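Fold and geometry: a report
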Amino acid sequence: MSTEPREHREYDELRGEGWTRLLAAARRRLERTGGVLDGDIGLARPSEAERRTVIGITGRYRPETAQRLAVPLRDLDGYLHDRYGTGLLTTLGRLHGPLRDRPAERADEDARREQALKSAHSSRLAGEGWFAAWLERIAADGTLTRLVRRGDAPLLDAAVRVLERLPGDRNRFPGDQERPRAHPTGLLPLPVLAEWATGDTKALVPGTPLEQLVLRALAQRGGDSSAVPRERAGRRALWESAGAIADDLASQVLVLNIGAEGDTVVCDWLRDAADFGIPFRLTLHQLATDPVVPAARTIFVCENPAVLRAAAGELEDTGAALVCTEGVPSAACHKLLGDAVGAGARLHWRADFDWAGLRITADAVARHGARPWRMTAADYTAALSKGESTPLAGPPAASPWDPELARAMEESGSTVMEERLLPALLSDLIRT
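Right, let's walk through the structure included here. As the structure is a computational prediction, the values presented were derived from the model and not from experiment. (Residues numbered from 1 in each chain as written. Predicted model: local features only at pLDDT ≥ 70, side-chain atom pairs only at ≥ 80, totals over all residues. Heavy atoms only, no water.)

Right, let's get into the overall build of the protein chain. Along its length, the protein chain carries 20 helices and 12 strands. A globule of 432 residues ought to have a C-alpha radius of gyration of about 22 Å, yet the protein chain, at 33 Å, is considerably larger. By principal-axis analysis of the C-alpha atoms, the protein chain measures approximately 105 × 55 × 45 Å. Counting across all 432 residues of the protein chain, residues that qualify as buried make up 46%. Of the contacts formed within the protein chain by residues at least 6 apart in sequence, a portion of 68% connects residues at least 24 apart. Summed over its atoms, the accessible surface of the protein chain is roughly 21,500 Å², and 51% of this surface lies on carbon and sulfur atoms. For the protein chain, the centre of its 56 positive side-chain charges and the centre of its 62 negative side-chain charges are spaced 6 Å apart. (Helix = DSSP H or I, 4+ residues; strand = E, 2+ residues; numbered from the N terminus. Rg over C-alpha atoms; globule rule 2.2 N^0.38 Å. Buried < 20%, exposed > 50% of the residue type's maximum accessible area, 1.4 Å probe, protein only. Contact = heavy atoms within 4.5 Å. Areas by Shrake-Rupley, 256 points an atom, 1.4 Å probe, with all protein chains shown as cover. Lys, Arg positive; Asp, Glu negative; His and termini not counted. Charge placed at Lys NZ, Arg CZ, Asp CG, Glu CD.)

Put into structure tokens, the structure is as follows:
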């Protein structure tokens, strides 16, 4: 004897071929409308069993040639009530579980979205253009909706707290507790920042949804809202631009012929490397714990390791002091060059002729008083004629030191990597 409840056995007919699609369509319609028994549901290309079922429900004959059969929901509800003593809503619930009320779910979801945005807009950062643009983007592209649906809406508040507490933020709440102890460089380690803002030291480890939210905001603040960098170096640079540091051992700077003043171990290493013209890497940890003052009074700065490699190979120890940023300058790079400028050194700085290169150079001019090195419109035009180039990508940037450069680049739409200027750069690096 079957142990299935009697009321369930009574519905066996409704699990057959003639009813399956019809009841599924009814469930979808009722969930979409919040259970309103108005209108029809339809079956396209009905089977013979479905045709007979519809005839039985409506009491109207339907020919075998019919390609679509419509059934009023109220007719279906009345049929089930007469036959089983339960209307459509109750029958569907007993067969396959309670129906969802999608209009109510959408209303609740919209309310939670609005509450999350309202809370975020209450931040003192709300007056910043980049902050408002960040909120607008995550609301428009579905990010906030996904957070709400996963039950992760509080992450938006957490992201706002992180942004408010970044060392580079000038709008920190006056009532905040005393800032935690920073790194010797003045940067705030990410675990310390995470603990301070969220109570969890691992909340900002790479790959977490919170880290992604904050980095999107930092990219927006930096003027590039296209995407968060995938590579570790790019993400590290975003954190460092805001005064936070992910890893003071991973933050490095590549140098050549950078002598040093002082009696520390790191200074000895730099002098030995310069004596033999050997490229050397310095970490932020070394620069913070064993301060280095470069001996060179003139330092050239390039973006690509190929330039430094060529200088080491052709000029060896006879070349001028050279620092390579390897893309966006790291905190270690800024620390070394900032200390050098503080000691009286003069920087000659260049980068690739692309929009990122212009931003890097403009920042160096503003931050360190650097002089652009072969970064004029004439240099760009001459190099452009010497080979094929890839198209410029990303948001345009200005070249305040030579406005014609940005205009020439926008007109041509082409990048020029600094390796194309290598002969001229090496001639500049020969010590006089």
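On inspection of all chains with the given rule, the structure shows seven aromatic pairs. Each ring, one from Trp 130 and one from Phe 131, has its centre 5.8 Å from the other, and the planes form 85 degrees; the classification is edge-to-face. Judged by its relative accessible area of 0%, Phe 131 is buried. Between Phe 353 and Tyr 380, the aromatic rings sit 5.4 Å apart at their centres with planes inclined by 65 degrees, giving edge-to-face as the arrangement. Here Tyr 380 lies in helix H18 (residues 377-384) and Phe 353 lies in the loop between strand S11 (346-349) and helix H17 (355-368), a separation of 27 residues in the sequence. Connected via pairs of aromatic rings, a cluster forms that spans Trp 130, Phe 131 and Trp 134. (Phe/Tyr/Trp six-rings, centres within 6.5 Å; stacked < 30°, edge-to-face > 60°.)

Turning next to the environment of Thr 58. Looking at the element boundaries, Thr 58 is found in helix H3 (residues 48-58). By relative accessible area, Thr 58 is classed as buried at 15%. Each residue touching Thr 58, except ones within four places of it in the same chain, is listed here: Val 71, Pro 72 and Asp 75. Within the structure, the side chain of Thr 58 is placed 3.3 Å from the backbone nitrogen of Arg 60, a separation counted as a polar contact. In terms of polar contacts, Thr 58 uses its side chain to reach the side chain of Arg 62, at 3.5 Å. (Polar contact = N/O pair within 3.5 Å; in protein donor to acceptor, adjacent residues only side chain to side chain.)

What follows covers the nonpolar core. Among the nonpolar cores identified, the biggest contains 41 residues, and Trp 134, Leu 163, Leu 193, Leu 204, Val 214, Leu 218 and Trp 239 are the most heavily contacted of them. Of all the secondary-structure elements, those providing two or more residues to this core are helix H6 (102-121), helix H7 (129-140), helix H8 (143-149), helix H9 (154-165), helix H10 (190-198), helix H11 (209-221) and helix H12 (232-241). Filtering out sequence-adjacent residues up to four positions away, Leu 193 remains in contact with Val 162, Arg 165, Leu 166, Leu 188, Leu 204, Trp 239 and Ala 244. (Core = buried A, V, L, I, M, F, W, Y, C linked by side-chain atoms within 4.5 Å.)

Here the focus is the environment of Glu 231. Here Glu 231 is to be found in the loop between H11 and H12. For Glu 231, a relative accessible area of 47% puts it in the partly exposed group. When the C-alpha positions of Glu 231 and Ala 24 are compared, they lie 47 Å apart, and in sequence the two are 207 residues distant.

Apart from glycine, the bulk of residues carry a negative phi angle, and the bulk of peptide bonds sit in the trans form. Positive phi outside glycine occurs at Glu 316, with the angle close to 50 degrees. Take Glu 316: it is sitting in the loop between helix H15 (305-314) and strand S10 (321-324). Here the phi dihedral of Arg 374 falls at roughly 50 degrees; this positive angle occurs in a residue that is not glycine.

Inspection of the entire model under this criterion finds zero disulfides. Free cysteine Cys 302: the closest other cysteine sulfur is in Cys 324, separated by 4.1 Å. (Disulfide = S-S within 2.5 Å.)

In this section: the pattern of salt bridges. Scanning the model with the defined rule gives 25 salt bridges in all. The partner of Arg 149 in a salt bridge is Glu 109, and the shortest N-O contact between them spans 2.8 Å. Linking Arg 149 in helix H8 with Glu 109 in helix H6, this pair joins segments that are 40 residues apart in sequence. Looking at Arg 149, the relative accessible area reads 60%, which means it is exposed. The buried category is assigned to Glu 109, whose relative accessible area is 14%. When the shortest N-O distance is used, the salt bridge between Arg 407 and Glu 404 registers 2.7 Å. Taken together, the positions of Arg 407 and Glu 404, both in helix H19 (residues 403-412) and three residues apart, correspond to about one turn of that helix. The partly exposed category is assigned to Arg 407, whose relative accessible area is 48%. Counted as one network, the salt bridges with shared partners bring together Glu 48, Arg 51, Arg 52 and Glu 64. (Salt bridge = Lys/Arg side-chain N within 4 Å of Asp/Glu carboxyl O.)

So, to be careful, I would describe these as geometric facts and stop short of saying anything about function.
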